[in-house]
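# Per-entry structural report
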Amino acid sequence: MKQVLEGSHAVSEAVRLAKAQVISAYPITPQTHIVEAISAYCANGTMNSRFLCVESEHSAMAAVIGAASCGARTFTATSSHGLAYMHELLHWASAARLPIVMAEVNRALGPGWNIWLDQTDSLSQRDTGWIQLYCEDGQEVLDTTLLAFRLAESANLPVMVVLDAFFLSHTFEPVDVPRPEKVDRFLPPLSPRFQLDTANPYAINQMAAPDVYMEMRYNIQFAMDRVLGQYDLLEEEFAAIFDRKHGMAEAVRCEDADIVLVAAGTTASTCRQAIADLRSKGEKVGLLKLKMFRPFPTDLIRQNLARAQKVAVIDRNCSFGAGGIFAQEIKSALCNVDSPPGVFSYIAGLGGRDVTQDTLEEIYLQTKTSHTPARESIWIGLNRELVESWRN
Amino acid sequence: MKKMRAFAEQLPLYLPRSNSSTVGNKTGTWRYYRPFYDEKTAPCSAACPVGEDIPRIEMLAAQGLLRKAWETIMEENPFPSVCGRVCFHPCEASCNRGQLDEPIAIHCLERFLGDKAIRDEKPHELAPPSVTGLRVAIVGAGPAGLAAGYFLSRLGYECSIYEAQKEPGGILRWGIPVYRLPEDVLRKEIQRIQKQGIALHCDTPVNGKLLAEIAKSHDALFIGCGYGRSIAIKIPGEAYIHDGHRLLQSVRAGKSARFRGKAAVIGGGNTALDVARTLSRLGAIPVILYRRRKQDMPAFAPEVEMALKEGVELKELVAPIRIEAACDPSSVTESGYQVTLQKMKISAGEVRGRARAIPDGTKTEILTVEHVFRAVGAEPEAFWNMESGERSRQLSLSHCKILFRERPVVYGGDLTNEIKSVTDAIASGKQAAMALDIYFKKGRDHIESALQDHLVESGPALSMSAYLGRGRANRTSHLVSFDEINTDYFLSAPRIVPATLSAHKRSRSFMEIEATLSKNESIKEARRCFNCGICTECDYCRIFCPEVAVTVDKAKRFINLDYCKGCGICVTECPRNAMVMGEEKL
């Protein structure tokens, strides 16, 4: 049934439908609405689950690690500093092969203190062994969260469902909330492949010496590779029940495009309109929306970008001293392709600054008119006056 | 779906996992600091004049072990029902819970447990004494004398009490109005003490001759005759003033007088309040005349508030300087008195902890009343003035004074107590009993040091339970502060308010004002208690120990040092500071 839902609550509804058994979280803007609704469901009996209140995100992750180790379906949510605080345990969760699902709302890290959209928080957890899925709208958030449980439990890897602060987390949209029976068909109860059990005691996660450690790590990489190979099958199954599919990445009018914009999250929505307008003016432009960041769908990206002349990557993040993080990944995906397209890296909309159609048209024009990128990363929409004020 | 399932089944997992036991991993070797179970002193216990083990009483009550809770009171105080009513409960003022929300209603619990024991009519089952064969004579069956008898008989002494009045109880029987202490409650608690084998001789005023006779047949004497004579005011017109004490006494003796019109009550202590409130119940309109301000009154503040609600007037900063019969026919219609009041003001400095009041120039005021009562304090009958013999033959303690004559004579109760309260009188009886026991068993020189060993915190309250070497002997004198309570374990919950007669109803009758709590109310209230410093077997230490190193044997907890790695989680978790981290004791 279609409901007008806040982006945050699209996550909450999915977690309710997924019947997560243990939820632990610590509030942080702009994530709080997600767990607020879930805690109410736990308290009023809508969900037959335990909500564990903890004193920090580090403990929230520790709590779901414990619960998942005992075979429970688990969920947590966080944002920005909360995610950074979890960092140590993010590695633990993946290496312990626990199918934890987490919603992560992209928010800037301080200082200067800022609660608005910025992708640096999740992207700097790139190497923690978590599957990362970026969402564009409320429906995709709900669908991806449901799918994330299946994915996590199949691969025995944790999954992060990422959504933009405010532009998505706090925006109300019509969202189709499926009936529980339908969800149950897609997502049966978790049957854990291992679990701590006092009736059958054993210890897990103890020391692994050099003779076995590397194989354990290869095992994770192996699983990630498998996820890339099987994700389509999972989505097909999802589509058979719910009639929707989002893809690891989505190519919009890339077939004949000379220039392809690359973006993730709600920015992709703005890009859809921008390329439609540019196309109507005769410009041969396309969009590649990135959804899956880890594992990185290199083949799919190559297929959709290799024939373009230029690629313009829009990063709402920055790896200082290098540049846009998505752009780095796109460059490395294309570097072994014959005559690869030129990759232009644009940094825009940090800390919640708007990325409008004008911004995107400026990016398109700059890409079209430059033979090669003026710099490794081009910052778009900077207030020149402010920059001059401290530069001189 | 088939394909996806296959994916899950195919996916190989390679994880560190071991089926061997971790018992061989003796994590205790990592330890350089360790936890100890360490019971401490709760502030309420230390504030209680008789040092009742309040955290334990509340714990037992919360567990529904009401009889044990009552016996725990009886270890330290034979008057739970009386004290639950008349004690001004300094315990509650010091209650740590007051810093979270509101103090525990300790006095309500005490009263409930006492009343329940009266109803049950079962004697306590505290360990019986070993008989000493020694005899102690007690003069005065007030709270001090009765307490001395109770504790001495529990220590194995044969006691005889001599009482001038026709019934025992002293101030409890003849001074405190029944709306605060019903007669039946008092009688039952005294009967229980008597049944311990104490010989009580009423209607037996002790004079010099009798005293000499008693002394011959006893090994020690305890004098707790109280303050029988009220202090005069010494102003012109003194003869018109009635004695407040005597009014209270005659009402308690069953003589019901009726009063009309205004009645002045001179004084600001609890007796003044009792007199004024009694007069109000007898039909008068009482006016309390006090030389300082309301906030300086030595009377218990809640009593003052209740009195004011009952219609008692309070005139502050006035001192009567003259009383004359009102003979001016134009100013009064009936016979009465004119009280000339000197207006007072507060000046800098203090007198014995209270504000200094001095005359405000020559300002005076005349108050016309029908009756004048005084309640400015009392003193012992002249006969009982303590001898001030040589220093070497006497010992002054916090709640009594011992004269070493042919046989020891202990003075106690109001005669020696700085604070003249019922509970301090009981404390005096207890101190006397312990002091005499030490005297007979170890000798005179050990009295002070041996008492010192059984103080609650730094005293002056003494613990009979500790003296008898029971569980309480293990408590340290560390006073648990609010900061040391792990308040994560305590949700805010309001203090119980017992049902109370309306001011209108109580100003017209001698019915008891407050109701006793029900069993459910009492248990609920007891559950609010932090139980500062004592182990309630809540087991959080055991639940949170990451090494499962806390073991329980016969309801006692032990740290298994083979596995305790000294992380301190148990101590941090302990809700009530009954544990401590410390160096290894080698």
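Cut-offs applied
Residues numbered from 1 in each chain as written. Chains lettered and ligands numbered in written order. Predicted model: local features only at pLDDT ≥ 70, side-chain atom pairs only at ≥ 80, totals over all residues. Helix = DSSP H or I, 4+ residues; strand = E, 2+ residues; numbered from the N terminus. Buried ≥ 20, exposed ≤ 12 C-beta atoms within 10 Å, placed from the backbone. Contact = placed C-beta atoms within 7 Å. Pairing = 2+ DSSP bridges. Core = buried A, V, L, I, M, F, W, Y, C linked by C-beta atoms within 7 Å. Domains from an automatic or database assignment. Right-handed = clockwise from strand over helix to strand, strands pointing away. Axes fitted to C-alpha atoms, helices over the stretch in contact; angles between N-to-C directions. Nonpolar A, V, L, I, M, F, W, Y, C, P; charged D, E, K, R; others polar.

### With respect to the overall build of chain B
Helix and strand counts for chain B stand at 21 helices and 22 strands. Dimensions of chain B along its principal axes, counting C-alpha atoms only, are 115 × 70 × 50 Å. Within chain B, buried positions represent 45% of all 586 residues. Of the contacts formed within chain B by residues at least 6 apart in sequence, a portion of 73% connects residues at least 24 apart.

### Some remarks on the interface of chain B and chain A
Facing the 15 residues of chain B at the interface are 20 residues of chain A. The biggest single contributor to the side of chain B that touches chain A is helix α1 (residues 2–10) of chain B, with four residues. Strand direction decides the pairing type here: strand β9 (residues 203–204) of chain A and strand β1 (residues 17–18) of chain B, joined by two bridges, are antiparallel. Bridge pairing in β1(B) links A203(A) to S18(B).

### Quick notes on the nonpolar core
Residues and elements named next belong to chain A. The biggest cluster of nonpolar side chains holds 126 residues, and the ones touching the most others in it are V159, V161, L261, V262, A312 and V313. Considering each element in turn, this core owes the most residues, nine residues, to helix α6 (residues 138–155). In terms of domain composition, this core takes at least three residues from each of domain 1 (2–189 + 236–242) and domain 2 (249–391). Each residue touching V313, except ones within four places of it in the same chain, is listed here: V262, G324, F326, A327, I330, V343, F344, S345 and Y346.

### Quick word on the pairing of strand β3 (residues 50–53) of chain A
All names here are of chain A. Sheet topology note: the strand β2 (residues 22–25)/β3 ladder contains four bridges and is parallel. Counted as the bridge partner of V22 is R50 from β3. Traced from β2 through helix α2 (residues 32–44) to β3, the parallel crossover comes out right-handed.

### Considerations on the sheet that holds β2(A)
Paired through their backbone hydrogen bonds, the strands of a sheet run either parallel or antiparallel. Residues and elements named next belong to chain A. Read across the sheet, seven strands follow the order β3-β2-β4-β5-β7-β6-β13 without closing on themselves; strand pairing throughout is mixed. Among the strands making up the open sheet, the edge pair consists of β3 and β13 (292–294). For this sheet, the mean angle separating the axes of adjacent strands, direction not counted, is 20°. Alignment of strand β6 (residues 131–134) against β13, held across two bridges, turns out to be antiparallel. Looking at the pairing, Q132 lines up with R294 of β13.

### Some details on the sheet that holds strand β6 (residues 220–223) of chain B
Residue and element names in this part refer to chain B. With respect to topology, seven strands assemble into an open sheet ordered β5-β4-β3-β6-β19-β18-β17, the strand pairing being mixed. The two strands at the open ends of the sheet, each matched to only one other strand, are β5 (199–201) and β17 (394–396). The sheet shows a mean angle of 15° between the axes of neighbouring strands, direction not considered. As judged from the five bridges shared by strand β18 (residues 400–404) and strand β19 (residues 408–412), these two strands associate in the antiparallel manner. Directly across from C400, in β19, lies its bridge partner G412. Of the strands in this sheet, β3 (135–139), β6, β18 and β19 touch helix α15 (residues 422–441), which is tilted by about 165° from β19.

### Some points on the domain arrangement of chain A
Residue and element names in this part refer to chain A. According to the domain assignment, chain A contains domain 1 (2–189 + 236–242) and domain 2 (249–391). Computed from C-alpha atoms alone, the centre-to-centre distance between domain 1 and domain 2 is 27 Å. Contact residues are listed per partner, giving 22 residues for domain 1 and 20 residues for domain 2. Looking at the side of domain 1 that touches domain 2, the elements with two or more residues in it are α5 (120–123) and β6. Classifying every residue of the side of domain 1 that touches domain 2 by side-chain character gives twelve nonpolar, five polar and five charged.

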